[in-house]
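Residues per chain, in single letters:
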Amino acid sequence: MSFTDIDKVYNPDKVERRIYQFWLAQNAFHGEPNPDKSPYSIVIPPPNVTDRLHMGHAYNNTLQDILIRFKKMLGFETMWMPGTDHAGIATQTVVERSLKENESKTRYDLGREKFIEHVWLWKDKHGAIIIDQLKKLGCACDWQRERFTMDAGLSEAVQEVFIQLYERGLIYKGQRIVNWDPASATALADDEVEHKEINGKLYHIKYKFKDSDDFLVVATTRPETLLGDTGIAISPEDSEKQYLLGREVIIPFVNRPVKIFADEHVDKEFGSGFVKVTPAHDPNDFEMGQRHHLDQIVIMDRDGKILQCCIRVRGSERAEELSIPAFLSGADRFEARKRIIAELEKTGDIVKIEEHVHAVGHSYRSKVPIEPYLSEQWFVKMKPLAEKALAAVQSGQVKLYPEGRFEKTYEHWMSNIRDWCISRQLWWGHRIPAWYNEKNEIRVSKTDPSTAEEKWTQDPDVLDTWFSSQLWPFSTLGWPQETAALKYFYPTNTLVTGADIIFFWVARMIMAGLEFRKDIPFENVYFNGIVRDENGRKMSKSLGNGIDPLEMIDKYSADAVRYTLLSLSSEGQDIYLGKKDFEIGRNFTNKLWNSFRFLSMHLSEDMLDKARLSDINKLQEEHKLDLADEWILSRYSATIQRVTKGFEEFKFHEAVSALHSFFWREYCDWYLELSKPRLYGADKELRDASLKVALFTLKGILKLLHPLIPFITEEIWQIIGLPENKSILLSEWPADEAVFANPAIEADADFLQAMINAVRNIRGEMNVPPKNPAQLLISGADDHVAQLVQKYLPYFTQLANVDQVRASRQLQRPELSATAVVNKLEVFVPLSGLIDIEKEKSRLEKEKNRLDKQLTGLMKKLGNEDFLNRAPEEVIEREKQKLEDWRVTLDKIRENLEQLTL
């Protein structure tokens, strides 16, 4: 492309798909074991194949892409492992919903094998959509290595891990209380339960003594579970109740006697101090039941409905069936609660009902309240695994970022970890490699152990999704085979993820890596914030406040989406985002394109090879650089260091802030403007020197910006920076160019900029016409300042239309002059002849009177109690800020009027 063919307006629709194909053709994203380079690898948090990517994915993957591109340009052999997750419960749920809506069928109509075929079709379709979305965002993933958590290699890894843990005694099958999701009909792990505060009730119920007409009162939030009570507990510290130990009370409706016992779990201050114990339907009650050898009575089925007959479990054996009152049989658990309370009220056995706020566990998928449920499930013993993973973080072997925010939470969870329920009553997922014969003996095997003499049947359950996801950092690299990629890229370097899955995923990956690779899975974990709407609400389908990243890419460009997300972020904090915010990114990319177009008008083909580091060093040695040149090169050096440090330390916001400030304010607003007289001047030597510095700095800016906005930087690079069509991604990070630091030059330039800004402000405030040249007088100046302002008078002329500058140690203030103070120096701009003084005074008087009236009205409004009581807080704050702004403006108008009368 020649410089005359450059579009006046940047068109991302023409650029982004073409540029991405260019990267793929260059094989720019692929990494291979390379003994001559240090590896840098990231594994993507695999998105679920349930739906399209949301804005949180866009933000998370932009951060990963920045790191990969940055490290590649630093010379590392980079590898970003892409892939998707089968997401057992979530995917099965959406596919079942789709079947019901489109074919009026359930999974049972299809049968297990056909249903799984149906899910694979869903996965193929939606997995492809996700990969295409990642490509549109610009992700530099190593697509030759793309994986899926249920592909053949990962399935082998899952089976191998299950078998090894089983053989080591770390996986077992047992009767335990699990978190049962009646809507999804499966068990959940503890960390898949969301605890929500709800406004419930506390029911105080009479339990009559077996041997008298007396009664005690039990307080409970779940009266429906009294059908499964097998004891009443009191606190061993409750001295007033100790005489009741061993006595029996009768359970309402079922007329079953149970004994009173003491247990440390009971809080004597809660309710009446008597606690009904239902071991089959409460985890704490289960533990009490184990300590006191109580029976466990299962009263509900897996749909959360009351059974026709309760099942008594003694030890681990099913002992007998117990009858249930007919009016409760088959009732939903919440309907059963209503019926029980109604009956107890009829019999006078309700003492009182209190409003009670308490936390109730809900399924993270179906959102329904979970039911603690006695069930036979597969578990992993976690304490032996957790000890090493805890030590890895405590020792700093694995570092969590932002530092100091997550370590204590991680330590608390790992120190109090419970065994992990890994079996799920689903069809979609990794089938548990356990087999049973007619004697109900268990054999764990990757293949069917059946023989002609003995038939074995595989466990119908599947493994928790996180069981396979925990292996992601090494299973994706070929484990259990010892591949070259595994040896080279493991452990990976950085994981970028959300803090909400620190226990679901991050902790388990650390445990799995240490157990099966004897090494950590990653060195650093960066927890990015959540993308919220502009009102601070989490984006969700139910609220309808989500923003589709693809829609924003189509409207504003991928670069604009990426830049906006990073510009609104701060270290680990949440982002508040509205659709119009993407104009931030669009404006920035347009500014970059326009600055390039301006420079291109002065470029020739031979100039492209004359703007290298060696060329700039030569100009400097020959003293052919202007102060503006020296200044921008010094600021460029500082920016390289700030951006590099920001990316290295995961302080992305600091890197983006440094880039924005340097490019927009320093390079465009100051340097290019100061360069125009030389670029348009007749002196070829001056013009070429300025052009070389401008082009050299722009090429550096493109490199620094590339990890953040890769498409537009690549497009410009292909015009002005390419050596033999090589991608900018394959160029070197400009760390070696940070050699121009010059504090003295920066101090002089800062002073001149402050002076120019002072004159500009005066011209604006005093309504000086742009065409009228002004004089600048500086009082208190030493010889250095006097020489500086005289030498660089062209800067004042170019940026503030000043045609004369006079600086001295002491100057009298001229009549009718505006004043300012810069670096303790007095600045005077005579106004006589610049403006019509009387006309300007009249204008300012009118503006003062107008603001006076507005201020009076606004103060009256803010003094109105009715307004303050009715208006939303944000409206009141907005009005208060407006009042303060108007006061500042009015003070400035009065000051300007005073200057016009002196």
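Everything below is about the structure printed above this text.
Throughout, residues of each chain are indexed from 1 in the direction in which the sequence is written. pLDDT decides what is reported in this predicted model: residues at 70 or higher carry local features, side-chain atom pairs at 80 or more are listed and counted, and totals for whole chains, interfaces and linings draw on all residues regardless. Heavy atoms from the whole structure form the basis of all side-chain values; hydrogens and water molecules are not counted.

### Section: the overall build of the protein chain
Only DSSP runs of H or I reaching four residues or more are called helices, and only runs of E reaching two or more are called strands; each is numbered from the N terminus. Along the protein chain, the regular secondary structure elements total 28 helices and 32 strands. With the C-alpha coordinates of the protein chain rotated into their principal frame, the extents come out at 110 × 75 × 55 Å. Buried, partly exposed and exposed residues are distinguished by accessible area as a fraction of the type maximum, computed with a 1.4 Å probe on protein chains only: under 20%, between the cut-offs, and over 50%, respectively. By the burial criterion, 55% of the 902 residues in the protein chain qualify as buried. Only heavy atoms matter for contacts: two residues are in contact if any of them lie within 4.5 Å across the pair. Contacts in the protein chain between residues far apart in sequence, at least 24 positions, make up 76% of those at least 6 positions apart. By element, 47% of the accessible surface of the protein chain is carried by carbon and sulfur atoms, the whole surface being about 40,600 Å². Computed with the Shrake-Rupley method and a 1.4 Å probe, the accessible areas treat only the protein chains shown as cover for residues.

### A closer look at the sheet that holds strand β22 (residues 442-444)
Here, strands pair whenever DSSP counts at least two bridges between them. Taking strand neighbours across the sheet as the criterion, the three strands line up as β22-β21-β23 in an open arrangement whose pairing is antiparallel. The strands lining the two open edges of the sheet, one partner per strand, are β22 and β23 (457-458).

### Regarding the packing of helix α24 (residues 783-791) against helix α25 (residues 793-800)
Note on geometry: axes are C-alpha line fits, over the in-contact stretch for helices, and angles between N-to-C directions span 0 to 180 degrees. Axis separation between α24 and α25 bottoms out at 4 Å; the angle between their running directions is 55°. On the basis of their axis angle, the class for α24 and α25 is oblique. Here V789, Q790 and K791 of α24 lie close against α25, whose contacting residues are L793, P794 and F796. Gly is put with the polar residues, along with every residue not named as nonpolar or charged; the nonpolar set is Ala, Val, Leu, Ile, Met, Phe, Trp, Tyr, Cys and Pro, and the charged set is Asp, Glu, Lys and Arg. Among the residues making up the contact of α24 with α25, the classes are represented as four nonpolar, one polar and one charged. Comment on the angle field: the value is read as roughly parallel under 35 degrees, roughly antiparallel over 145, roughly perpendicular from 65 to 115, and oblique elsewhere.

### Considering the environment of G780
By the secondary structure assignment, G780 is in the loop between β29 (774-779) and α24. Sequence separation between G780 and L825 is 45 residues; the distance between their C-alpha atoms is 5.4 Å. In this view, G780 contacts S808, R809, Q810 and L825; residues no more than four positions away in its chain are not counted.

### What to know about the packing of helix α17 (residues 583-600) against helix α20 (residues 652-679)
Two elements in contact, α17 and α20, have axes whose closest approach is 12 Å; the angle formed by their N-to-C orientations is 25°. By the angle between their directions, the pair α17 and α20 is classed as roughly parallel. Two packed elements cross with a definite hand, and for α17 against α20 that hand is left-handed. Contacts between α17 and α20 involve N587, F588, K591, L592, S595, F598 and L599 from the first element and H660, F663, W664, Y667, C668, D669, L672, K676 and L679 from the second. Split by residue class, the contact of α17 with α20 holds ten nonpolar, three polar and three charged. Helix crossings get a hand from a simple test, with the near helix turned counterclockwise from the far one by less than a right angle marking a left-handed crossing and a clockwise turn marking a right-handed one.

### Looking at the sheet that holds strand β19 (residues 420-421)
If you trace the four strands from one edge of the open sheet to the other, you get β6-β5-β17-β19, paired in antiparallel fashion. Every interior strand has two partners, whereas the edge strands, β6 (186-188) and β19, have only one. Alignment of strand β5 (residues 171-181) against strand β17 (residues 371-380), held across ten bridges, turns out to be antiparallel. What sits directly across from W180, in β17, is E371.

### Some thoughts on the nonpolar core
Core analysis: the largest hydrophobic core is formed by 224 residues, its most contacted members being M55, Y410, F467, I510, Y667 and I720. A total of 14 residues in this core trace back to one element, the largest contributor, which is α20. Setting aside anything within four residues of it in sequence, one finds Y410 in contact with A389, L390, V393, L400, I502, F503, A507 and I510. Nonpolar cores are built from buried Ala, Val, Leu, Ile, Met, Phe, Trp, Tyr and Cys residues. Side-chain atoms within 4.5 Å join them into one set. Counting 45 residues, the second largest nonpolar core, distinct from the first, contains Y172, F286, M300 and I324.

### Some remarks on the side chain of Q64
Turning to its location among the elements, Q64 is positioned in helix α2 (residues 55-73). With relative accessibility at 0%, the residue Q64 sits in the buried group. Polar contact is the term for a pair of N or O atoms within 3.5 Å; when the atoms are in protein, one must be able to donate a hydrogen and the other to accept it, and sequence-neighboring residues count only if both atoms are side-chain atoms. Within the local environment of Q64, its side chain forms a polar contact with the side chain of W80, the two groups lying 3.1 Å apart. If near-sequence neighbours (up to four positions away) are discounted, Q64 is found in contact with I42, V43, I44, P45, W80 and V496.

### Some thoughts on empty space enclosed by the protein
A 1.4 Å probe that fits but cannot get out identifies a cavity on a 1 Å grid over protein atoms alone, an open set with protein on both sides within 12 Å along at least five of seven lines counts as a pocket, and a residue lines either if it has an atom within 4 Å of a point. Grid points are joined across faces, edges and corners, and a volume is the space filled by probe spheres set on the points. With the rule as written, the count across this model stands at five cavities of 30 Å³ or more. Roughly 90 Å³ of volume is contained in the largest cavity. Around the largest cavity, the lining comprises 13 residues; the ones closest to its centre are L165, L385, W420, Q470 and A512. Those elements that provide at least two residues to the lining of the largest cavity are α6 (152-167) and α14 (502-516). A breakdown of the residues in the lining of the largest cavity according to their chemical character gives ten nonpolar, one polar and two charged.

### Focus: helix α1 (residues 12-25)
Spanning 14 residues, α1 covers 20 Å between terminal C-alpha atoms, matching the ideal 20 Å at 1.5 Å per step. Residues P12, V15, E16, I19, Y20 and W23 constitute the buried set of α1. On an axial view of α1, the arc spanned by its buried residues comes to 120°, and they lie on one face. The exposed set on the far side of α1, more than 90 degrees from its buried face, consists of D13, R17 and A25. Packed against the buried residues of α1 are α2, α5 (112-137), α15 (549-556), α16 (558-567) and α22 (710-720). Between a side-chain oxygen at the N-terminus of α1 and the backbone nitrogen of D13 the separation is 3.1 Å; the capping residue is N11. Expected helix span is given by 1.5 Å per residue-to-residue step, counting one fewer step than there are residues. Throughout, the arc means the angular range of directions from the helix axis out to the C-beta atoms.

### Here's the deal with the pairing of strand β7 (residues 193-209)
As paired strands, β7 and strand β16 (residues 350-363) are joined by 13 bridges and run antiparallel to one another. Bridge assignment links H204 to a residue of β16, and that residue is K352. For β7 and strand β8 (residues 215-220), the ladder comprises six bridges, and the chain directions are antiparallel. Paired with Y207 across the bridge in β8 is L216. Taking the residues between adjacent antiparallel strands as the criterion, β7 and β8 are bridged by five residues. Summarising the sheet, β7 and strand β10 (residues 248-251) pair through two bridges and their orientation is antiparallel. By the bridge assignment for β10, K208 is matched with I250.

### A closer look at the packing of aromatic side chains
Stacked, tilted and edge-to-face are the three classes applied to pairs of Phe, Tyr and Trp rings, where Trp contributes its six-membered ring and a pair requires centres within 6.5 Å; stacked means planes under 30 degrees apart, edge-to-face means over 60, and tilted covers the rest. Throughout the structure, instances matching the rule amount to 43 aromatic pairs. Pairing Y172 with F379 gives two aromatic rings, centres 5.5 Å apart and planes at 15°, and the pair type is stacked. Residue Y172 is found in strand β5, and its partner F379 is found in strand β17; the two are separated by 207 residues along the sequence. Their ring planes at 75° and their centres at 5.3 Å tell us that Y526 and F652 sit as a pair that is edge-to-face. Highlighted residues: Y526 in strand β26 (residues 522-528) and F652 in helix α20, separated in sequence by 126 residues.

### Quick look at the environment of D13
Inspection of the secondary structure assignment puts D13 in helix α1. Under the relative-accessibility criterion, D13 is labelled exposed at 62%. As for D13 and R532, which are separated by 519 residues in sequence, their C-alpha atoms are 27 Å apart.

### Quick look at the side chain of D464
When you line up the elements, D464 lands in the loop between β24 (462-463) and α11 (465-469). Apart from residues no more than four positions distant in its own chain, D464 is found in contact with A189, E192, W420, C421, I422, R424 and R508.

### What to know about the environment of R887
Tracing the chain through its elements places R887 in helix α28 (residues 873-901). For the pair R887 and E732, spaced 155 residues apart in sequence, the C-alpha separation works out to 52 Å. Once you skip the residues sitting within four places of it in the chain, R887 turns out to touch L855 and M859.

### Details of the pattern of salt bridges
Put simply, a salt bridge is a Lys or Arg side-chain nitrogen that is within 4 Å of an Asp or Glu carboxyl oxygen. Taken as a whole and judged by the stated rule, the model has 58 salt bridges. A salt bridge links R168 to E515; the shortest N-O distance between them is 2.5 Å. Linking R168 in the loop between α6 and β5 with E515 in helix α14, this pair joins segments that are 347 residues apart in sequence. Here R168 falls in the partly exposed class, since its relative accessible area comes to 40%. Here E622 ties to K624 by a salt bridge, and the two come within 3.2 Å at their closest N and O atoms. For E622, a relative accessible area of 35% gives the class partly exposed. Sharing partners across several salt bridges, the network here consists of R222, E224, R333, R337 and E371.

By themselves, these observations are geometric and do not establish any function.
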